Amino acid sequence: MLTLGEVHTGFLRNSTSVSRDRCAHILALIQGERVRRSERPVQYAVSPERLRGIDCRLTSASGSRHRAIGTVAARAAITGGHVLQGSAFVSVTGSAADRRLSWPHYLARPGVLETLGKVDWSDLADGFLSEGHPPESLDLGAICTDVMHEVQTSEHLDQRAPLRTSRSKLRWAAVAPRGEAFIQFGIEERGLRTLRLPLDGRNLADIAEVCEDLALHDWLLTCLQGLIEGSDIGAVDRAQLVRRFGPAIDHVLHLWMPAARVDRSIWDAVERRPGLTRQWEASVNRIRDQVAASTVALLSDAARGGARP
């Protein structure tokens, strides 16, 4: 057995932070189902899970393909009134009947895909985490895109994001380890991140929430680093530089609270290698240094202008 998921992260198309009540309206994707909300340590809201019926192929690293039938769970979340995530996830297990059954059987097992035939779970996990997937294979990214599009087109949004940034994608797989358990986080091409982790008894929704938290903070770091790289530090005057950093100061910096709502074990394991927090702190300090230098320069100019000959 294994669990698979994908998370897409980007700015909500609204120029200001969305209030908790508006978040509840925006994320009410299923009529009558409750939107979960929390205020501490940062405003957070998540939609009810929506199921998508799937009959597809699962691609393995070895090239073998297996048919899988069942339902995928998907949801959207808004953090800090600014950051939107679309998440799709599923548990994959072998079919006891080893044949396709009627849809009521699969609907009674939400968030589960059943495979036909004998499979190698580790091989399937490696195949899912690879970049290229055949068109007929499981596409959790498309489901993430759909749920984000539904949120982004809400009438409660003014369609003006505070920053122009790209979405990031985290594709994850949890599988029972062969030998020593390990967590592997990879930074791939075209904004793709991959995460392989051991299947350790957590339920599917909890694993998905941990991965969503990691995806959020990786996106925040990527957003901040992209802003710094494109700011032309040293080539433009400091007042202009501060204006370019303004949206990040207003809408991004305060959201960095890794693993504040979820178990820290996965975050701590990922931190040992890429050091996301160290990169974040270095980026924030660089912005603050530029703002401080600009302030000193403006005060010096004002003092010289007011001095008498």
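This section reports on the structure supplied with the text. None of the values given here were measured: they were computed from a predicted structure. What you see as residue numbers is a count from 1 along each chain, following the sequence as written. Residues qualify for local features only when their pLDDT is at least 70, as the model is predicted, and side-chain atom pairs are given and counted only at 80 or more; totals for whole chains, interfaces and linings, by contrast, use all residues. Excluding hydrogens and water, the side-chain values take into account all heavy atoms of the structure.

### Considerations on the side chain of glutamate 6
Next up, step 1: The secondary structure listing takes helices from DSSP runs of H or I that are at least 4 residues long and strands from runs of E that are at least 2 residues long, numbered from the N terminus. Tracing the backbone shows glutamate 6 in strand 1 (residues 2-11).
Next up, step 2: Working definition: with a 1.4 Å probe on protein chains only, accessible area under 20% of the residue-type maximum means buried, over 50% means exposed, and in between means partly exposed. Taking relative accessible area as the criterion, glutamate 6 reaches 3% and is therefore assigned buried.
Next up, step 3: At 2.9 Å, the side chain of glutamate 6 forms a polar contact with the side chain of histidine 8.
Next up, step 4: A distance of 3.1 Å separates a polar atom in the side chain of glutamate 6 from a polar atom in the side chain of arginine 171. Within 3.5 Å is the distance limit for a polar contact, defined as a pair of N or O atoms, with the added protein rule that one can donate a hydrogen and the other accept it, and that residues adjacent in sequence qualify only through two side-chain atoms.

### Considerations on the packing of helix 5 (residues 204-229) against helix 6 (residues 238-251)
Next up, step 1: To get an axis, a line is fitted to the C-alpha atoms, and for a helix only the part in contact is used. The angle between two axes follows their N-to-C directions and goes from 0 to 180 degrees. In the contact formed by helix 5 and helix 6, the axes pass within 10 Å of each other and the chain directions differ by 175°. Judged by the angle between their axes, helix 5 and helix 6 are roughly antiparallel. Contacts between helix 5 and helix 6 pair Leu224, Leu227 and Ile228 from the former with Arg244, Phe245 and Ala248 from the latter.
Next up, step 2: Three residue categories are used. Nonpolar comprises Ala, Val, Leu, Ile, Met, Phe, Trp, Tyr, Cys and Pro, charged comprises Asp, Glu, Lys and Arg, and polar comprises the others, including Gly. Looking at the contact of helix 5 with helix 6 residue by residue, the classes come out as 5 nonpolar, no polar and 1 charged. Orientation is classified from the angle alone, with under 35 degrees giving roughly parallel, over 145 giving roughly antiparallel, 65 to 115 giving roughly perpendicular, and any other angle giving oblique. Throughout, a contact is declared for two residues whenever any of their heavy atoms are within 4.5 Å.

### A short note on the side chain of arginine 193
Next up, step 1: Residue position: arginine 193 is located in strand 10 (residues 192-198).
Next up, step 2: The class for arginine 193 is buried, based on a relative accessible area of 11%.
Next up, step 3: Within the structure, arginine 193 has its side chain in polar contact with the side chain of threonine 222 (distance 3.1 Å).
Next up, step 4: Setting aside anything within four residues of it in sequence, one finds arginine 193 in contact with Lys169, Leu170, Arg171, Phe185, Gly186, Ile187, Glu188, Asp218 and Thr222.

### Looking at empty space enclosed by the protein
Next up, step 1: Detection works on a 1 Å grid of protein atoms alone, calling trapped sets that fit a 1.4 Å probe cavities and calling open sets with protein on both sides within 12 Å along at least five of seven lines pockets, with lining residues defined by an atom within 4 Å of a point. Grid points are joined across faces, edges and corners, and a volume is the space filled by probe spheres set on the points. With the rule as written, the count across this model stands at 2 cavities of 30 Å³ or more.
Next up, step 2: Where the lining of the largest cavity is concerned, the elements lending two or more residues are strand 1, strand 4 (50-59) and helix 3 (121-129).
Next up, step 3: Among the elements that line the lining of the largest cavity, the one with the most residues is helix 3, at 3 residues.
Next up, step 4: In terms of residue class, the lining of the largest cavity is built from 6 nonpolar, 4 polar and no charged.
Next up, step 5: A volume near 60 Å³ is recorded for the second largest cavity.
Next up, step 6: Taken together, Val42, Tyr44, Thr79, Asp213, Leu216, His217, Leu255, Met257, Ala260 and Arg261 make up the lining of the second largest cavity.
Next up, step 7: Here the element with the most residues in the lining of the second largest cavity is helix 5; it accounts for 3 residues.
Next up, step 8: Within the lining of the second largest cavity, the residues separate by chemical class into 6 nonpolar, 2 polar and 2 charged.

### Description of the packing of aromatic side chains
Next up, step 1: Two aromatic rings from Phe, Tyr or Trp, using only the six-membered ring of Trp, form a pair when their centres are within 6.5 Å; if the ring planes differ by under 30 degrees the pair is stacked, by over 60 it is edge-to-face, and anything between is tilted. Scanning the entire structure with this criterion turns up 4 aromatic pairs.
Next up, step 2: Ring geometry for tryptophan 103 against tyrosine 106: centres 5.6 Å apart, planes inclined by 70°, an arrangement best described as edge-to-face. Here tryptophan 103 and its partner tyrosine 106 are both found in helix 2 (residues 103-107), 3 residues apart, which amounts to about one turn of the helix.
Next up, step 3: Judged by its relative accessible area of 1%, tyrosine 106 falls in the buried class.
Next up, step 4: Geometrically, the ring pair formed by tryptophan 256 and tryptophan 267 is edge-to-face, given 6.0 Å between the ring centres and 70° between the ring planes. A residue pair is termed long-range when its members are at least 10 positions apart, and tryptophan 256 in the loop between helix 6 and helix 7 (265-271) and tryptophan 267 in helix 7 qualify at 11 residues. Exposure class is identical for tryptophan 256 and tryptophan 267. Each is buried.
Next up, step 5: Here, a charge over a ring means that NZ of Lys or CZ of Arg falls within 6 Å of the ring centre while also lying within 35 degrees of the ring normal. Sitting over the face of the ring of phenylalanine 128, arginine 171 holds its NZ or CZ atom 5.9 Å from the ring centroid.

### Quick word on the pairing of strand 1
Next up, step 1: Strand 1 sits mainly inside the fold: 10 of its 10 residues count as buried.
Next up, step 2: Two strands pair when backbone bridges link them, and strand 1 and strand 6 (residues 83-94) are joined in this way by 10 bridges, in the antiparallel orientation. Each residue of the ladder has a partner; that of threonine 9, found in strand 6, is glutamine 85. Any two strands with at least two DSSP bridges between them are considered paired.

### Notes on the layout of surface pockets
Next up, step 1: Approximately 210 Å³ is the volume found for the largest pocket.
Next up, step 2: Lining the largest pocket are 13 residues, with Thr165, Ser166, Thr222, Cys223 and Gly226 sitting closest to its centre.
Next up, step 3: Broken down by element, the residue count for the lining of the largest pocket peaks at 5 residues, all from helix 5.
Next up, step 4: Partitioning the lining of the largest pocket into residue classes produces 4 nonpolar, 6 polar and 3 charged.
Next up, step 5: Each pocket or cavity is described by its volume, and for the second largest pocket that value is around 170 Å³.
Next up, step 6: Lining the second largest pocket we find 15 residues, and of these Glu6, Glu131, Lys169, Arg171 and Leu192 sit closest to its centre.
Next up, step 7: Secondary-structure elements contributing two or more residues to the lining of the second largest pocket are strand 1, helix 4 (140-152) and strand 8 (168-175).
Next up, step 8: Of the residues contributing to the lining of the second largest pocket, the split by class is 5 nonpolar, 3 polar and 7 charged.

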